[in-house]
Amino acid sequence: MTTTTATLVARKRSDAPATAAAGTRRPVEGIYYVLLVPTLVVFSLAITLPAIMGIFFSFTNSIGFGEWDFVGFINYIALFSDPAILQSYLFTLGFALVTVVAVNVVAFLLAVGLTARIRLKTGLRTIFVIPMVISGIIIAYVFNFLFSNSLPALGQATGIGWLSESILANPDLAWVAIVLVTAWQAIPGSLLIYIAGLLAIPGDVYEAASIDGASKGQQLVRITLPLVAGYVVINVILGFKNYLNAYDIIVGLTNGGPGTATRSIAMTIVTGFTGGDYAYQMANATVFFVFVILISVLQLRLTRGRNAL
């Protein structure tokens with residue numbers, strides 16, 4: 001590309017909304033507090049207060065009801081020496097990393113195709129976003145049937161040995177099924193964000209690149225990717241956070257099995273609540289909360305300066 005195209009790309013990336021002229025600060029209207037205060041109250045009662053109570057009970061031996069005593073940091077000490085907890089963290093982190101890469105690569109390529117000059121692209125966009133509106137647990141049960149019955153039956157009928165056994169029963173490969181199903185449901189959301197980013201790129205940038213002799217591949221790498229970098233950051237941060245909280249699809253597909261090979265952190269916590277380990281899993285939930293905060297801060301630091309749309 002020549003200087004002309006490079007200048008257009010740089011100008012697009014550096015464009016920012018004009019700053020409003022300085023002036024006197026307007027007084028806050030009463031309707032603002034009418035809308036804000038009830039929201040804060042509901043949020044505090046539904047989220048903040050239960051979280052504080054949970055952290056409090058993580059220092060006790062409570063089973064969720066009845067009498068309890070303070071035990072200090074015993075739950076936390078036991079937590080860091082529990083191999084089952086460590087395995088759930090490793091599985092969840094690895095699952096989130098693989099899924100966020102798979103989802104963003106596929107969603108970006110689909111978005112490029114669905115914003116190109118092709119027929120029926122509006123109808124195809126509608127079809128591709130259908131999985132986003134279906135409940136995760138329903139999707140999981142449908143794919144559970146496919147992996148456990150339909151595909152093995154097909155493998156036996158065609159004589160394909162590796163397809164004759166359910167992937168969900170293999171402790172080394174069950175995670176692959178979870179990644180595939182999670183990605184199938186998550187791709188539409190990322191796809192819509194990428195389509196919005198691609199449609200925001202001015203057409204004259206590509207026209208200038210074509211005049212300069214840039215191929216489609218060069219335009220994709222040197223124009224499209226830099227100009228949608230902010231949208232990539234959004235999808236990565238939102239997706240990674242959601243995948244760390246994976247629960248319903250795992251329950252519907254493997255229920256944490258075989259054994260505990262696919263048990264996520266969220267599933268471990270919920271299972272502990274119903275199994276008499278209330279205080280212990282509250283400590284686990286507290287550690288997980290801090291873990292997610294640290295991951296979020298790390299993501300923001302690594303993407304600082306690259307997430308301005």
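The preceding data block contains the structure.
Residues numbered from 1 in each chain as written. Predicted model: local features only at pLDDT ≥ 70, side-chain atom pairs only at ≥ 80, totals over all residues. Heavy atoms only, no water.

## A few points about helix H6 (residues 136-158)
An α-helical turn contains 3.6 residues, so any two residues separated by three or four positions project in the same direction. Rules: A run of H or I in DSSP becomes a helix once it reaches four residues, and a run of E becomes a strand once it reaches two; helices and strands are each numbered from the N terminus. How far a helix is expected to stretch is found by multiplying one less than its residue total by 1.5 Å. Note on bend: at a given residue it equals the angle between the axes fitted to the 7 residues ending there and to the 7 starting there. The rule is simple: take the accessible area with a 1.4 Å probe, protein chains only, and divide by the maximum for that residue type; under 20% is buried, over 50% is exposed, in between is partly exposed. Note on contacts: a residue pair qualifies if any of its non-hydrogen atoms lie within 4.5 Å across the two residues.
Compared with an ideal rise of 1.5 Å per residue, which puts 23 residues at 33 Å, H6 spans 31 Å between its outermost C-alpha atoms and is within 8% of the ideal. Along H6, the sharpest kink reaches roughly 35°, centred on Leu146. Among all positions in H6, only Gly136, Ile139, Ala140, Phe143, Phe147, Pro152 and Gly155 are buried. In the core, the buried residues of H6 are packed alongside helix H7 (174-199) and helix H11 (248-253). Within two residues after H6, Gly159 carries a phi angle of roughly 80°, on the positive side.

## Some details on the environment of Arg117
Looking at the secondary structure, you find Arg117 in the loop between helix H4 (83-114) and helix H5 (121-128). A C-alpha to C-alpha distance of 39 Å links Arg117 and Leu173, two positions 56 residues apart in sequence.

## As for the nonpolar core
For clarity, the cut-off: Throughout, nonpolar core names a set of buried Ala, Val, Leu, Ile, Met, Phe, Trp, Tyr and Cys residues whose side chains join them through atoms within 4.5 Å.
Formed by 53 residues in total, the largest nonpolar core has its most connected members in Phe95, Phe147, Val181, Tyr243, Leu244, Leu253 and Phe288. Each residue touching Phe95, except ones within four places of it in the same chain, is listed here: Ile178, Val179, Thr182, Tyr243 and Ala246.

## A few points about the packing of aromatic side chains
Quick note on the threshold: Ring pairs are drawn from Phe, Tyr and Trp, using the six-membered ring of Trp, whenever the two centres fall within 6.5 Å, and their geometry is named by plane angle: stacked under 30 degrees, edge-to-face over 60, tilted for the rest.
Considering all chains together, one arrives at 18 aromatic pairs under this definition. Centroid distance Tyr32 to Tyr33: 5.3 Å. Interplanar angle 80°. Geometry classified as edge-to-face. With a relative accessible area of 45%, Tyr32 lands in the partly exposed category. Ring centres of Phe57 and Tyr278 lie 6.1 Å apart, and the angle between their planes is 65°; this geometry places the pair in the edge-to-face category. Taken as a pair, Phe57 in helix H2 (residues 30-57) and Tyr278 in helix H13 (residues 278-302) lie far apart in primary sequence, 221 residues in all. Tyr278 carries the same exposure label as Phe57, and that label is buried. Put simply, the rings of Phe56, Phe57, Trp68, Phe70, Phe273 and Tyr278 touch in pairs and so form one group of aromatic residues.

## Brief notes about the side chain of Ser62
Topologically, Ser62 is positioned in the loop between H2 and helix H3 (74-79). Look at Ser62 and you get buried, because its relative accessible area is 5%. Contact partners of Ser62, with chain neighbours within four places excluded, come to Phe57, Trp68, Tyr278 and Ala279.

It is worth stressing that arrangement in space is one thing and function is another; only the former is reported here.
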